[in-house]
Structures are given as C-alpha cells and as structure tokens.
Amino acid sequence: MTQFRKLAEERVYDGSLISVSRGTFEAPDGSAFNRDLVHHPGAVSIVAVDSDRSVLLVRQYRAAIDAELLEIPAGKRDVEGEPPEETALRELAEEVGVRAGRVEKLAEFYNSPGFSNEYSYVFLGLELDATPSSAHSPEEAAMEVERVALDEVPMLIRSGRLIDAKSIIGLTLALEALRT
C-alpha cells in the first residue's frame, strides 16, 4: 500500500462541538497537499424496539440542513470516559422517555471520513420501560416521538421519508438482527 504522511496540523476554529484544522500531508510521490479536518467527539444512536416490534423515532429540527428529519434517538459523546452503551441509554431516556433493559451493539462507523473524524456507535435497545425524559436543547424541546412498525422501515427508506444515514444503518441492521 502507498504511504501518506501527515506533516502538520494547524487549528483554525474551536466551537462548542467541533474544531476545524488545516492539515498538511505528503503524498507517496513526495508532493504536499492540504486538507480541511473537522474533529468531533463522536456520537451514539439507538434503535429502540418495543415488544410489539414498533420502533421509536424522533422528528427533530436539524439546523445544518434547516429542516426536520425522522431519526433514531442519538447524541454526541460529550461525557468524558462514559462508555458508548451508557451514552446511548442516556440519550434514549432524555429524548424519548424510555429505558432499555437490554442493549446490543449493531455497528461502529465513521460518518464522513473524507473530512471528519466523527466515529459513531449504533445500538439495538430492547425490553423498554418508561422513564422521565429531559430536553437539553431547543431542538430536543420541540422534537416529536413517532412510533413506526419495524416492518415499515424499508418502505420509509425507499420512499425518501427516512433519509438520515445513521438511522438507515441502525434500522436496517436491527431488522436483520430481529429477523425471525
């Protein structure tokens, strides 16, 4: 395999969630090139499936696209040292008001490795019980919870009603894991 080498990185922006750097790299032929790099703390998401094979989704406003998306509950890994499973359970309780008695990891993946190091975990949550919810942002305060039959997921994806990548990954893998 060809060898690339990172030569330098200069931080150009620090925000509340992300930082942006300008990286300089060396290609295998010795030429130098620059790339913009977005650093992100990582994220978790969870497919919460109830005993009737319905899945709990949230309809949430996303400022980056100025639109609402239908998604599985998710959040950033913003508590130092917290295991991803615990973050997923915390986000599920905060956003949807349920607790999962059983959690299984479905996948880990980079969201957009062409420019960001954001690394995500997606879990399956089963054996759901009600628990108090607590919104932590204006978007969460306005989000709506929707219950959808798990078997309707492929139609939601094909029709373009569900277009969020982490949700498509998680729901597709949940369907496979729960296939009977």
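Thresholds, definitions, all that
Residues numbered from 1 in each chain as written. Predicted model: local features only at pLDDT ≥ 70, side-chain atom pairs only at ≥ 80, totals over all residues. Heavy atoms only, no water. Helix = DSSP H or I, 4+ residues; strand = E, 2+ residues; numbered from the N terminus. Buried < 20%, exposed > 50% of the residue type's maximum accessible area, 1.4 Å probe, protein only. Contact = heavy atoms within 4.5 Å. Salt bridge = Lys/Arg side-chain N within 4 Å of Asp/Glu carboxyl O. Pairing = 2+ DSSP bridges. Axes fitted to C-alpha atoms, helices over the stretch in contact; angles between N-to-C directions. Core = buried A, V, L, I, M, F, W, Y, C linked by side-chain atoms within 4.5 Å. Phe/Tyr/Trp six-rings, centres within 6.5 Å; stacked < 30°, edge-to-face > 60°. Expected span 1.5 Å × (residues − 1).

> So what exactly am I meant to see when it comes to the environment of Ala107 here?
The residue Ala107 is located in strand E8 (residues 98-110) in this model. Taking the relative accessible area as the measure of exposure, Ala107 reaches 16% and is therefore buried. Spatially, the C-alpha atom of Ala107 lies 8.3 Å from that of Ser120, the residues being 13 residues apart in sequence. If we ignore the near neighbours within four places in the chain, the residues touching Ala107 are Ser120, Tyr121, Val122 and Leu173.

> Sorry if this is basic, but what is going on with the pattern of salt bridges here?
Pairing between side chains becomes possible if they bear opposite charge and their charged atoms approach one another. Counted according to the given criterion, the structure contains 18 salt bridges. The partner of Lys166 in a salt bridge is Glu71, and the shortest N-O contact between them spans 2.6 Å. Residue Lys166 is found in helix H4 (residues 165-177), and its partner Glu71 is found in strand E6 (residues 67-71); the two are separated by 95 residues along the sequence. A relative accessible area of 16% means that Lys166 is categorised as buried. Look at Glu71 and you get buried, because its relative accessible area is 1%. A single salt-bridge network, built from bridges that share partners, covers Asp78, Glu82, Arg90, Glu91 and Glu94.

> Explain the sheet that holds strand E2 (residues 19-26) to me, please; I cannot follow it from the model alone.
Strand-to-strand pairing in sheets goes through backbone hydrogen bonds, with the strands running parallel or antiparallel. Pairing is antiparallel across the open sheet formed by 3 strands, whose spatial order is E1-E2-E3. At either end of the open sheet lies a strand with only one pairing partner, and these are strand E1 (5-14) and strand E3 (32-39). Shown here is a sheet whose adjacent strand axes are inclined to one another by a mean of 25°, direction ignored. The pairing of E1 with E2 spans 8 bridges and is classified as antiparallel. Pairing of Asp14 across the sheet is with Ser19, part of E2.

> What is the right way to read the environment of Leu178 from this model?
Residue position: Leu178 is located in the segment after H4. Along the sequence, Leu178 and Leu92 sit 86 residues apart, while their C-alpha atoms lie 20 Å from each other. In contact with Leu178, not counting residues within four places along its chain, are Val49, Arg53, Leu124, Leu126 and Leu150.

> What's the story with the nonpolar core in this structure? I'm lost.
Nonpolar side chains in soluble globular proteins generally cluster together in the buried interior. If you look at the biggest cluster of nonpolar residues, it comprises 21 residues, and the most contacted ones within it are Val47, Leu57, Leu124, Leu150 and Leu171. When neighbours within four sequence positions are excluded, Leu124 is seen to be in contact with Ile46, Val47, Val49, Arg102, Val103, Glu104, Leu106, Ala174, Ala177 and Leu178. In terms of nonpolar packing, the next biggest core, distinct from the first, is built from 14 residues, Val58, Val96, Ala100 and Phe123 among them.

> Looking at this structure, I do not really get the pairing of strand E5 (residues 54-62). What am I missing?
Both faces of the sheet carry side chains from a regular strand, because those side chains alternate between them. Summarising the sheet, strand E4 (residues 43-49) and E5 pair through 2 bridges and their orientation is antiparallel. Across the sheet, residue Val49 finds its bridge partner in E5, namely Val55. By the bridge criterion, 5 bridges tie E5 to E6 in an arrangement that is antiparallel. Residue Gln60 lies in a different strand from E6, and its bridge partner there is Leu69. Here E5 folds back onto E6, and the loop between the two strands holds 4 residues, one of which, Asp66, carries a positive phi near 50°.

> Just checking my understanding: could you explain the packing of aromatic side chains for this structure?
Geometrically, a pair of aromatic rings is defined through the distance of the ring centres and the angle of the planes. In the structure shown here, the tally under the stated rule is 5 aromatic pairs. Taking 5.4 Å as the distance between ring centres and 80° as the angle between the ring planes, the aromatic pair formed by Tyr119 and Tyr121 counts as edge-to-face. For Tyr121, a relative accessible area of 16% puts it in the buried group. Taken together, the aromatic side chains of Tyr110, Tyr119, Tyr121 and Phe123 make up a single cluster linked through ring pairs.

> What should I look at first to understand helix H1 (residues 84-96) in this one?
A turn of α-helix holds 3.6 residues, and therefore any two residues three or four places apart point the same way. Between its first and last C-alpha, H1 extends 18 Å over 13 residues, near the 18 Å set by a 1.5 Å rise per residue. Those residues of H1 that fall on the buried side of the exposure criterion are Pro84, Thr87, Ala88, Glu91, Leu92, Ala93, Glu94, Glu95 and Val96. Downstream of H1 by a residue or two, Gly97 has a phi angle that is positive, lying close to 75°.

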